[in-house]
Amino acid sequence: MPIPAALKRNLTLPVIGAPMFIVSTPELVIAQCKAGIIGAFPALNARPAEKLDTWLTTIEAALADQPAAPYAVNLIVHPTNERLAADLACCVAHRVPLVITSLGAPSAIVPQVHAYGGLVFHDVTNVRHAIKALEAGVDGLILVAAGAGGHGGTLSPFALVAEVRRFYDGPLALAGAITQGRQILAAQVLGADFAYLGTRFIATQEANASDAYKQAILAAHAEDIVYTPYFTGVPGNYLKSSILAAGLDPAALPSGHGPKLEFTRASEGAKAWRDIWGAGQGVGGIEDVPHTAVLVERLKREFDAARAASCGL
């Protein structure tokens with residue numbers, strides 16, 4: 001399906017920068033949007049809650065006087081998120097172009113965003129959640145397939161996209177180990193409209209991640225990614241090196257799901273995502289820490305070259 005007109009404005013590459021806890025801040029979002037991709041951040045990154053209004057004002061001012069892609073805000077729709085109502089009200093007041101919902105039913109979010117003309121995309125890891133999100137009236141789906149950083153799913157992107165496309169022809173974004181321009185094209189060939197990139201943007205100059213975190217990504221390979229629900233109660237992908245650094249054995253973590261979403265584990269003192277670092281299986285394709293503008297320009301060259309080569313075939 002064609003990309004919605006509201007999201008196509010000044011878009012140079014069909015990419016959404018995934019909102020990453022702690023890592024995504026106005027500096028990264030502004031750089032992404034100026035480079036021509038949709039930048040996004042979790043509302044919870046703005047702390048205290050009153051800071052969200054300041055962040056949105058900063059982003060809007062920085063993007064106002066030059067061509068730039070739209071931005072997005074991620075709202076965690078989970079019972080433990082006590083800020084949801086206030087954060088949603090702030091997004092409505094600022095008329096955020098795209099609201100990305102995750103970890104819960106977006107039924108209460110959609111009408112309020114639609115009332116001012118905004119769009120809602122919802123994160124899903126399986127077909128059942130995709131159907132529920134569509135029943136809630138969302139405008140697009142983000143399919144978080146196997147290999148995605150953070151709270152990723154386990155289904156192959158080939159399987160997940162194919163099944164969802166059987167009943168849905170609207171906007172789709174695909175996440176899962178995408179770090180190169182040719183993979184962005186591959187996502188479109190599979191049937192997605194956008195590629196959803198997170199881990200690749202951790203290793204950029206503008207990302208709010210420590211140098212140690214960025215260097216750990218450069219040093220890692222796919223086999224260095226551990227999938228576990230241990231740290232937050234929701235299954236996710238993490239860098240093995242950060243688990244070891246926290247004094248834990250990646251091979252001996254409890255396998256059961258936590259009773260609720262938790263961002264701390266009191267007995268160890270290690271916090272996800274501050275000390276236990278999220279990353280996807282695409283780390284092996286990341287070799288440097290460029291500025292975001294340089295990275296997006298490179299991705300565009302790779303995308304265009306792959307498309308030209310495919311047409312030649």
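The present account deals with the structure reproduced in this document. (Residues numbered from 1 in each chain as written. Predicted model: local features only at pLDDT ≥ 70, side-chain atom pairs only at ≥ 80, totals over all residues. Heavy atoms only, no water.)

## Describing the packing of aromatic side chains
Within the structure shown, the criterion is met by five aromatic pairs. Aromatic side chains Tyr213 and Trp277 sit 4.8 Å apart centroid to centroid with 10° between the ring planes, which places their arrangement in the stacked category. Here Trp277 lies in the loop between α11 (240-245) and α12 (292-312) and Tyr213 lies in helix α10 (residues 211-219), a separation of 64 residues in the sequence. Note on Tyr213: relative accessible area 6%, which makes it buried. Taken together, the ring pairs in this structure connect Tyr230, Phe231 and Tyr238 into an aromatic cluster. (Phe/Tyr/Trp six-rings, centres within 6.5 Å; stacked < 30°, edge-to-face > 60°. Helix = DSSP H or I, 4+ residues; strand = E, 2+ residues; numbered from the N terminus. Buried < 20%, exposed > 50% of the residue type's maximum accessible area, 1.4 Å probe, protein only.)

## As for helix α2 (residues 26-35)
Here α2 lies mainly inside the structure; eight of its 10 residues are buried. Three or more residues of α2 are buried, namely Pro26, Leu28, Val29, Ile30, Ala31, Gln32, Cys33 and Ala35.

## A word on the packing of helix α3 (residues 51-63) against helix α4 (residues 84-94)
One can describe the packing of α3 onto α4 by two numbers: an axis separation of 10 Å at closest approach and a directional angle of 25°. The orientation of α3 relative to α4 falls into the category roughly parallel. The chirality of how α3 crosses α4 is right-handed. Seen from α3, the contacting residues are Leu52, Asp53, Leu56, Thr57 and Glu60; seen from α4, they are Asp87, Cys90, Cys91 and His94. (Axes fitted to C-alpha atoms, helices over the stretch in contact; angles between N-to-C directions. Parallel < 35°, antiparallel > 145°, perpendicular 65-115°, else oblique. Left-handed = near helix turned anticlockwise from the far one by under 90°. Contact = heavy atoms within 4.5 Å.)

## Comments concerning the pattern of salt bridges
Applying the stated criterion across every chain yields a total of seven salt bridges. A salt bridge links Lys300 to Asp304; its shortest N-O distance comes to 2.7 Å. Here Asp304 and Lys300 lie together in helix α12, a separation of four residues that amounts to about one turn. A relative accessible area of 26% means that Lys300 is categorised as partly exposed. (Salt bridge = Lys/Arg side-chain N within 4 Å of Asp/Glu carboxyl O.)

## What about the environment of Ser210?
Here Ser210 lies in the loop between α9 (199-202) and α10. Take Ser210: its relative accessible area is 37%, and that puts it in the partly exposed class. The spacing of Ser210 and Val23 is 187 residues in sequence and 9.1 Å in space, taken between C-alpha atoms. A distance of 3.1 Å separates a polar side-chain atom of Ser210 from the backbone nitrogen of Tyr213. (Polar contact = N/O pair within 3.5 Å; in protein donor to acceptor, adjacent residues only side chain to side chain.)

## What to know about unusual backbone geometry
One can expect most non-glycine residues to show negative phi and most peptide bonds to be in trans. Residue Arg47 is joined to Pro48 through a cis peptide bond whose omega torsion reads 0°. Mapped onto the secondary structure, Pro48 falls in the loop between β2 (39-42) and α3. A positive phi angle, close to 70°, is found at Ile22, a residue other than glycine. Topologically, Ile22 is positioned in the loop between β1 (15-17) and α2. The backbone of Leu103 sits at a positive phi, close to 60°, despite the residue not being glycine. By the secondary structure assignment, Leu103 is in the loop between β4 (98-102) and α5 (110-115). Taking the relative accessible area as the measure of exposure, Leu103 reaches 26% and is therefore partly exposed.

## Thoughts on α4
Residues of α4 that are buried: Leu84, Asp87, Leu88, Cys90, Cys91 and His94. With its buried residues spanning 160° around the axis, α4 presents them on a single face. Among the exposed residues of α4, those oriented more than 90 degrees off its buried face are Ala85 and Ala93. Phi turns positive, to about 55°, at Arg95, one or two residues after α4. (Arc of directions from axis to C-beta.)

## Some thoughts on the pairing of strand β6 (residues 140-144)
The element β6 is largely enclosed, with a buried count of five among its five residues. A two-sided burial pattern is seen for β6, the buried positions comprising Gly140, Ile142 and Val144 on one face and Leu141 and Leu143 on the other. Here strand β5 (residues 119-124) pairs with β6 via four bridges, running parallel. Bridge pairing in β6 links Val124 to Leu143. Regarding topology, helix α6 (residues 127-135) serves as the crossover connection from β5 to the parallel β6, and that connection is right-handed. (Pairing = 2+ DSSP bridges. Right-handed = clockwise from strand over helix to strand, strands pointing away.)

The quantities given are spatial measurements derived from coordinates; they are silent on function.
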